[in-house]
Amino acid sequence: MGIADYGGGQTPRADVLVVTTNDVPGHQVTEVIGEVFGLTVRSRHLGSQIGAGLKSMVGGELKGLTKTLVETRNQAMERLVEQARARGANAVLMMRFDVSEAADVGTEVCAYGTAAVISRT
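Caption draft 1: Main features of the nonpolar core. Counting 16 residues, the largest nonpolar core has Val18, Val36, Leu80, Ala84, Val92, Met95 and Ala115 as the members making the most contacts within it. Broken down by secondary-structure element, the contributors of at least two residues to this core are strand S2 (27-43), helix H2 (63-86), strand S3 (91-102) and strand S4 (106-120). Tallying contributions element by element places H2 first for this core, with five residues. In contact with methionine 95, other than residues within four places in its own chain, are Val18, Val19, Thr20, Met77, Leu80, Ala111, Tyr112 and Gly113. Val24, Ala91, Leu93 and Ala116 belong to the second largest nonpolar core, which has six residues in total.

Here's what the structure looks like:
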């Protein structure tokens, strides 16, 4: 598995820009639409649990769990963008992730931010 398998983010020509900042240099916010989020909950499968248990005895990265978390974050991000697009936004400002355990059966990942319309200045 290469480094690209552990990343995420947007393609260079995305129609909804997602940033972790309050503003976008060279742009002005013309409309604030409001909070948007993308949520997903993933359960752990038996194979990764057994592998993680064995790996925890010797130490090191839990690659199967890392890959699952990357996929989960990317899915939450896709849902965030879909919601922003559906509400007429072309940007999501102040995007963050929140990760928590969901009733001891999986991991909940929420991507959230402020949907807005921006234009070049």
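Caption draft 2: Molecular detail of the sheet that holds S4. Reading across from one edge, S1-S3-S4-S2 is the order of the four strands in this open sheet, with mixed pairing throughout. With partners counted over all chains shown, the strands left at the sheet margins are strand S1 (17-18) and S2, one partner each. In this sheet, S4 lies alongside S3 in antiparallel orientation, the contact comprising ten bridges. Considered in S4, the bridge of arginine 96 is made with tyrosine 112.

Rules used throughout
Residues numbered from 1 in each chain as written. Predicted model: local features only at pLDDT ≥ 70, side-chain atom pairs only at ≥ 80, totals over all residues. Heavy atoms only, no water. Core = buried A, V, L, I, M, F, W, Y, C linked by side-chain atoms within 4.5 Å. Buried < 20%, exposed > 50% of the residue type's maximum accessible area, 1.4 Å probe, protein only. Helix = DSSP H or I, 4+ residues; strand = E, 2+ residues; numbered from the N terminus. Contact = heavy atoms within 4.5 Å. Pairing = 2+ DSSP bridges.

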